Amino acid sequence: MVVDHKQLCAIHFGAGNIGRGFIGPLLVQFGYHVIFLDIDTDVINKANEHREYAVHTLEPKKRGHYDCHRHLRDPAPDVKLVTTSVGLPVLPKIAGPIARGISQRRKAGSGPLNVIACENGVGATEKLREAVFEHISEEDKKYAKEHVGFADCSVDRIVPPFENDSPLDVGVEYFCEWIVERGPLTGIDNSGTLGIKGMALTDDLPGYVERKLFTFNCGHATTAYLGFLKGYPTIFDSIQDEEILRIVEGAMQEGGAALVKKHPTCTLDEQQKYIKRTLDRFRNPNVVDNVKRVGRQPLRKLAKNDRLLGPVYTAREYRLPIDNIARGIAAAMLYENDEDEQAAELKNEIEQQGVRNVITKLTGFNEDSEEFKRIQGSYDVVMRMKARN
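As the structure is a prediction and not an experimental result, all values here were calculated from the model.

S.K.: Give me the pattern of salt bridges: which residues, what numbers.
M.R.: Enumeration according to the criterion identifies 26 salt bridges in this entry. With its nearest N and O atoms 3.4 Å apart, the salt bridge here joins Arg283 to Asp280. Here Glu367 ties to Arg356 by a salt bridge, and the two come within 2.9 Å at their closest N and O atoms. On the criterion of sequence distance, the pair formed by Glu367 in the loop between helix 15 (355-363) and helix 16 (370-387) and Arg356 in helix 15 is long-range, its members being eleven residues apart. Residue Glu367 is classed as partly exposed on the basis of its relative accessible area of 35%. Residues joined in a network through salt bridges with shared partners are Lys230, Asp241, Glu243 and Arg388.

Next up, the structure:
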């Protein structure tokens, strides 16, 4: 099939679960021709061979699927949008190709282009922009500042491992959220959007990013680590445990209280609704999400601006309690997986340096601080929880 060069076109770096299960299907739904780029030649070859795949909705009452067509070998029409889901460490590696594309667009006199990194981290697109600008000339930089928008975003959808007869098919939860900062975008239409109904624009992106981080990501990780310690295989199994549920909901309430204090646009009522919806997502029996997948790379998840310590630092500013988040931090420190380099590294550091030193190193809190005491005390509590199972 030959591509209609009048059709909107998007390039998406990363043909993994989020790319195939969220961003790609959403763009296709609203008229975009999507081209996937990925270093996994097996995935790309299969996509070129099959020319389509199905997205299966993993919901008790909303089961179904729809097909997404990809014409990866056809010549690309003028690209209007570049998106990514490759992981934060990989962004600098794709900066070169994007930079060359911007240079070619300047020489061709092409119209506006928007770049949105759909990664699980704060300021991902800004990091990508900085990397791209290291590869382009001053003339290209001037063009990019006028014609290329680099907009950060918050993306939220669970796309767990999925087995099906077709190797490209993906299973997704029904819920999805894509919130993009309005300011940096270029070429916005008369309706004030990019014409993608599944994309919401906002002037307060940090509030939405931290809402997801302090609530969904914090709760997801806490469920995984506590579930692992109690021997549960999946998030669904873990959240059925009343003790885990109480801690997870408490952690999200603590993170939410800090969020509401910090961001005036985040109301208490909306935060309570978000927490309820998040717990409902964890309770979805059709989303089989392994605790080892969710808990992987614990050192990254224990970074100071990430899902566990991020809400602690914000709560500290307003002198708010962190008892349940501290349980999640302690459980992360006790997570063990010999196949996970970060888990093995963390375990080794605790054995060699002792828990107290590792808490100080990870968190930055001194031993006299209330936060240190809460985390140290939680470590002892969670150790007893582990010993019971």
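S.K.: So what's going on with helix 2 (residues 41-50)? Which residues, and what values?
M.R.: The set of residues buried in helix 2 consists of Val43, Ile44, Ala47 and Asn48. In a view along the axis of helix 2, the buried residues occupy a sector of 130°, so they form one face of it. Along helix 2, the residues that are exposed and aim more than 90 degrees away from the buried face are Thr41 and Glu49. By the N-cap criterion, in which a side-chain oxygen at the helix start approaches the backbone nitrogen of a residue two or three places on, helix 2 is capped by Asp40, the distance to Asp42 being 3.1 Å. Positive phi shows up at Arg51, right after helix 2, with a value of about 70°.

The rules behind each value
Residues numbered from 1 in each chain as written. Predicted model: local features only at pLDDT ≥ 70, side-chain atom pairs only at ≥ 80, totals over all residues. Heavy atoms only, no water. Salt bridge = Lys/Arg side-chain N within 4 Å of Asp/Glu carboxyl O. Helix = DSSP H or I, 4+ residues; strand = E, 2+ residues; numbered from the N terminus. Buried < 20%, exposed > 50% of the residue type's maximum accessible area, 1.4 Å probe, protein only. Arc of directions from axis to C-beta. Polar contact = N/O pair within 3.5 Å; in protein donor to acceptor, adjacent residues only side chain to side chain.

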